[in-house]
Amino acid sequence: VAQISAMLSAKQPEAAAAVQQLLDTLQAEKHTVVELKKQLARAQAESIPVTDGAGCCFADGDSDTLREMVNIGMARCALCGAFCGDDDRGYRYILGSRAVDLRALAPAFHAALRGRGGGRPEMIQGTVSAGRGEIERWFAAFRAE
């Protein structure tokens, strides 16, 4: 308790309150970071060029963030993909489209990017083990049939 008190610059009887204040501050900072990551993800999705082809974006976020990115991107292109992860461990993804049946596209997508997943005709999710460059090339080459 003496060391904690010294680290927090608080008297020993006030150490618990000082720790609680520190925890509250940490929680508020975490919330701020999450909100900033969401804003960045939305901005990335809004920067996808309007096209009848495909667009993709990468974010550091959860499934809700990826889904929001895809919903924004689907208004901008025929096929939108949002990815989270890295080249070493692979990527989680969500794909969305109002123009392409994604359950029909999924086998070719998974074969090309070493992935797996599933979902509905307008939105699928899963994982791929391809690197970011491979993913970006696949999206650049995609054309709706």
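Cut-offs used in this document
Residues numbered from 1 in each chain as written. Predicted model: local features only at pLDDT ≥ 70, side-chain atom pairs only at ≥ 80, totals over all residues. Heavy atoms only, no water. Helix = DSSP H or I, 4+ residues; strand = E, 2+ residues; numbered from the N terminus. Expected span 1.5 Å × (residues − 1). Buried < 20%, exposed > 50% of the residue type's maximum accessible area, 1.4 Å probe, protein only. Arc of directions from axis to C-beta. Contact = heavy atoms within 4.5 Å. Salt bridge = Lys/Arg side-chain N within 4 Å of Asp/Glu carboxyl O. Phe/Tyr/Trp six-rings, centres within 6.5 Å; stacked < 30°, edge-to-face > 60°.

(A) How the structure looks around helix α3 (residues 63–74). Over its 12 residues, α3 runs 16 Å from end to end, which matches the ideal 16 Å to within 8%, given 1.5 Å per residue. Among the residues of α3, those classed as buried are T65, L66, M69, V70, G73 and M74. Down the axis of α3, the buried side of the element spans an arc of 165°, and every buried residue falls inside it. Looking at the buried positions of α3, the neighbouring elements they touch are α2 (15–46), β1 (54–58), β2 (79–86), β3 (90–96) and β5 (123–128).

(B) Up close: the pattern of salt bridges. Considering all chains together, one arrives at seven salt bridges under this definition. One salt bridge in this structure joins D60 and K37, with 2.9 Å as the shortest N-O distance. Pair noted here: D60 is in the loop between β1 and α3 and K37 is in helix α2, with a separation of 23 residues, a long-range link. Here K37 falls in the partly exposed class, since its relative accessible area comes to 36%. With a closest N to O distance of 3.2 Å, E68 and R42 form a salt bridge. Residue E68 is located in helix α3, and its partner R42 is located in helix α2; the two are separated by 26 residues in the primary sequence. R42 gets classed as partly exposed once you look at its relative accessible area, which sits at 26%.

(C) Looking closely at the packing of aromatic side chains. On inspection of all chains with the given rule, the structure shows nine aromatic pairs. Between F83 and F139, the aromatic rings sit 5.7 Å apart at their centres with planes inclined by 85°, giving edge-to-face as the arrangement. Of this pair, F83 sits in strand β2 while F139 sits in helix α5 (residues 132–141), placing them 56 residues apart in sequence. Neither F83 nor F139 differs from the other in exposure class; each is buried. In textbook terms, an aromatic cluster arises when at least three aromatic residues are bridged by ring pairs, as seen for F58, F83, Y91, Y93, F109, W138, F139 and F142.

(D) Local environment of the side chain of S5. Turning to its location among the elements, S5 is positioned in helix α1 (residues 2–8). Residues within four places of S5 in sequence aside, it is in contact with A10, K11 and Q12.

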